[in-house]
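Each chain, letter by letter, is given below.
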Amino acid sequence: MRKEDTVARLGGDEFVVLLSDLSDNESEALEMARNVSQKIHSVMDRGIFVGDVVLNVTLSLGVALIGKDGETVDEALKHADMAMYNAKDAGRNCTKFYSRFNGRGAKEV
């Protein structure tokens, strides 16, 4: 992650990564978020080594893109959670995106 990004554990096996200052352009912001998602998957696909044991982990990532037009943190988390459950419903170990960018309405991208 970059220095300006924030990573936090919400509880259990749920984490939040806040990527700030991606882009004011929705397509560019989506591409940047997609790249981060792919990097996270590629790191976790290697497994986690605990002594001589390799733990294999799969991820269901939900990404919410928001613009600067008034979405609250609670709304963004709700949308990311919805996208995550879409990833789980799609067979897990993938990323789904939810966008409400610059007040133009919500959509899955």
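Residues that lie three or four places apart on an α-helix share one face, since the helix turns once every 3.6 residues. The terminal C-alpha atoms of helix 1 (residues 26-45), which comprises 20 residues, lie 28 Å apart, in line with the 28 Å expected from a rise of 1.5 Å per residue. What helix 1 keeps buried is the set Glu-26, Ala-29, Leu-30, Ala-33, Ser-37 and His-41. Buried residues of helix 1, seen end-on, are gathered within an arc of 110 degrees and therefore sit on one face of the element. Opposite the buried face of helix 1, by more than 90 degrees, sit the exposed residues Ser-27 and Lys-39. Once helix 1 finishes, Gly-47 follows within two positions and takes phi at roughly 90 degrees, a positive value.

On to the confidence of the model for the protein chain, then. Residue-level pLDDT values for the protein chain average 84, and 87% of them are 70 or greater. The weakest mean pLDDT in the protein chain belongs to strand 7 (residues 106-108) at 49; the strongest belongs to strand 4 (residues 53-55) at 94.

Moving on, we come to the pattern of salt bridges. Applying the stated criterion across every chain, the model contains 3 salt bridges. Here Arg-2 makes a salt bridge to Glu-4, at a shortest N to O gap of 3.4 Å. Judged by relative accessible area, which is 31%, Arg-2 ranks as partly exposed. According to the relative accessible area criterion, Glu-4 is partly exposed, its value standing at 42%.

What counts and what doesn't
Residues numbered from 1 in each chain as written. Predicted model: local features only at pLDDT ≥ 70, side-chain atom pairs only at ≥ 80, totals over all residues. Heavy atoms only, no water. Helix = DSSP H or I, 4+ residues; strand = E, 2+ residues; numbered from the N terminus. Expected span 1.5 Å × (residues − 1). Buried < 20%, exposed > 50% of the residue type's maximum accessible area, 1.4 Å probe, protein only. Arc of directions from axis to C-beta. pLDDT = per-residue confidence, 0-100. Salt bridge = Lys/Arg side-chain N within 4 Å of Asp/Glu carboxyl O.

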